[in-house]
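# Commentary on secondary and tertiary structure
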Amino acid sequence: SSLHLQTYTQRALRQKNPAAKLLLETIDRKQSNLAVSVDVASPKDFLAIIDAVGPFVCLIKATLLLRRLFSTHIDIIEDFTPALLEDLQALSTKHDFVIFEDRKFADIGNTVALQYSSGVHKIASWAHLTNAHCVPGPSVITGLSSVGLPLGRGLLLLAEMSTKGSLASGSYTEAAVQMAREHRDFVVGFIAQRRMDGVGTGPNETLEEEDFLILTPGVGLDVKGDAMGQQYRTPREVVLESGCDVIIVGRGIYGQDPSLVDSIAAQAIRYKEAGWAAYLARTQI
Ligand code: 5FU
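Since the model is a prediction, treat every value here as computed from it, not as a measurement. (Residues numbered from 1 in each chain as written. Predicted model: local features only at pLDDT ≥ 70, side-chain atom pairs only at ≥ 80, totals over all residues.)

### Concerning the UniProt feature "binding site: substrate" (unreviewed entry) in the chain
What counts is decided by this rule: UniProt positions are given in the numbering used here, feature names are shortened, and annotations may be inferred rather than shown by experiment. Numbering goes from the N terminus for both helices and strands, where a helix is a DSSP run of H or I of at least four residues and a strand is a run of E of at least two. Here the contact rule is simple: place C-beta atoms from the backbone, and any two residues whose C-beta atoms are within 7 Å are in contact.
Summarizing the sequence annotation, UniProt attributes the feature "binding site: substrate" (unreviewed entry) to D39, S162, Q230, G250 and R251 in the numbering used throughout. Structurally, Q230 is set in the loop between strand 7 (213-216) and helix 10 (235-241). If we skip the residues at most four places from it in the chain, Q230 touches S162, T163, G218 and G225. Its location among the elements puts G250 in the loop between strand 8 (246-249) and helix 11 (251-254). Those residues within four positions of G250 in sequence are excluded, and the remaining contacts are S37 and D39.

The structure is reproduced here in structure tokens:
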């Protein structure tokens, strides 16, 4: 497939899903394929990091924070979470970035629909994109789609993971791509380590219209992994060699001390430039 040679601009024009289109247009407008993953426990650090990296990113990946606080301080957070989400949305408007809640839904359709629409977090009301594991089969998509599609949201399926020994490979990955093909209105792409166009199809089958977005975690410029199975590749390996679209970087940017806002912004610029250089090399502009 030559889709990976096309520019973000060309691909945005063809996108029908509003969330995917917004992401591609934002990448284009800000010349950034960098997403920052903000996995910190303190709401103050959470907002400070987002404000610092905001100008340089196409997307912010919110994640454990909400769940972690929710599960440990439910009474505080019932009051607190809506305000935090308003702050997050205000920053999204201020800095022009897309919001992705890395929720990794993995239950029956009815339950994920409730988890997505309701509860304290009401994820569907503020996250442009969310994601799901494929373990439950296609019903996980049907459930989430019943909530997200009318709101113009998009879903990413976890086709591969960055961790050592991941079980999401081979026929599992092929089945994930097949599930996505059957729900192209809502499934806009994958969390994966490489492009997925044509995966699982025969050598002579061409799928001209197949254009999945690939968002890739496990990206770092300075180290190869952590002590808990995470594996890092460079933006060049991810975007140029593997054809992925968005690099997701967490600790590589906010490091050991989430309160050092100046160095966080400097790291964000460094990753943004590396990600964009790899994209330009890929599309040979
Ligand atoms: F699906 C995945 C995956 O395969 N690898 C990941 O690392 C998700 N992640 C998330 O990306 C993980 O939960 C973190 O939120 C983030 C990577 O953070 P890091 O600090 O850059 O390692």
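### As for the sheet that holds strand 8
The line we're drawing: Being paired, for any two strands, means DSSP has found at least two bridges between them. The axes used here are C-alpha line fits, helices contributing only the stretch in contact, and every angle between their N-to-C directions lies in the interval 0 to 180 degrees.
Strand order in the closed barrel made by the eight strands is 1-2-3-4-5-6-7-8, with parallel pairing throughout. Here the strands of the sheet are splayed against their neighbours by 30° on average, with no regard to which way each runs. The pairing of strand 7 with strand 8 spans two bridges and is classified as parallel. Each bridged residue has a counterpart across the sheet, and for L215 the counterpart in strand 8 is V246. In this fold helix 12 (residues 261-283) packs onto strand 1 (34-38) and strand 8, with an angle of close to 140° to the strand it touches most, strand 1.

### So, the site of the ligand
Stated formally: Each residue receives a C-beta atom built from its backbone; the residue is near a molecule or strand if that atom lies within 6 Å of it. Think of it as three bins: nonpolar holds Ala, Val, Leu, Ile, Met, Phe, Trp, Tyr, Cys and Pro, charged holds Asp, Glu, Lys and Arg, and polar takes everything else, Gly as well.
Near the ligand there are 17 residues, and of these M161, S162, P217, G250 and R251 occur at the shortest range. For the shell around the ligand, the secondary-structure elements that each account for two or more residues are strand 8 and helix 11. Of the residues assigned to the shell around the ligand, the class counts are six nonpolar, eight polar and three charged.

### Focus: the nonpolar core
Formally: Throughout this description, the term nonpolar core refers to a group of buried Ala, Val, Leu, Ile, Met, Phe, Trp, Tyr and Cys residues whose C-beta atoms join them within 7 Å. Burial in this document is a count-based property: other C-beta atoms within 10 Å of a residue's C-beta are tallied, and the residue is buried at 20 or more, exposed at 12 or fewer, or partly exposed in between, with C-beta positions derived from the backbone.
A35, V57, L157 and F190 are the most contacted members of the largest nonpolar core, which totals 80 residues. Setting aside residues no more than four positions away along its own chain, V57 makes contact with S32, L34, A35, V36, F97 and A268.

### Section: helix 3 (residues 43-53)
Structural remark: α-helix, 3.6 residues per turn; residues separated by three or four positions point the same way. The condition is simple: It is the directions from the helix axis to the C-beta atoms whose arc is reported.
Of the positions making up helix 3, those classed as buried are F46, I49, I50, A52 and V53. Projection of helix 3 onto a plane perpendicular to its axis shows the buried side chains occupying an angular sector of 160°, all on one side.

### Details of the pairing of strand 7
Short version of the rule: Handedness rule for crossovers: strands pointing away from the viewer, path from the first strand over the helix to the second running clockwise, crossover right-handed.
Neither face of strand 7 is exposed, since L213 and L215 on one face and I214 and T216 on the opposite face are all buried. Sheet topology places strand 6 (residues 187-191) next to strand 7; three bridges connect them, and they run parallel. Across the sheet, the residue bridging to I191 is L215, located in strand 7. Since strand 7 and strand 8 lie parallel, the crossover through helix 10 that links them has a hand, and here it is right-handed.

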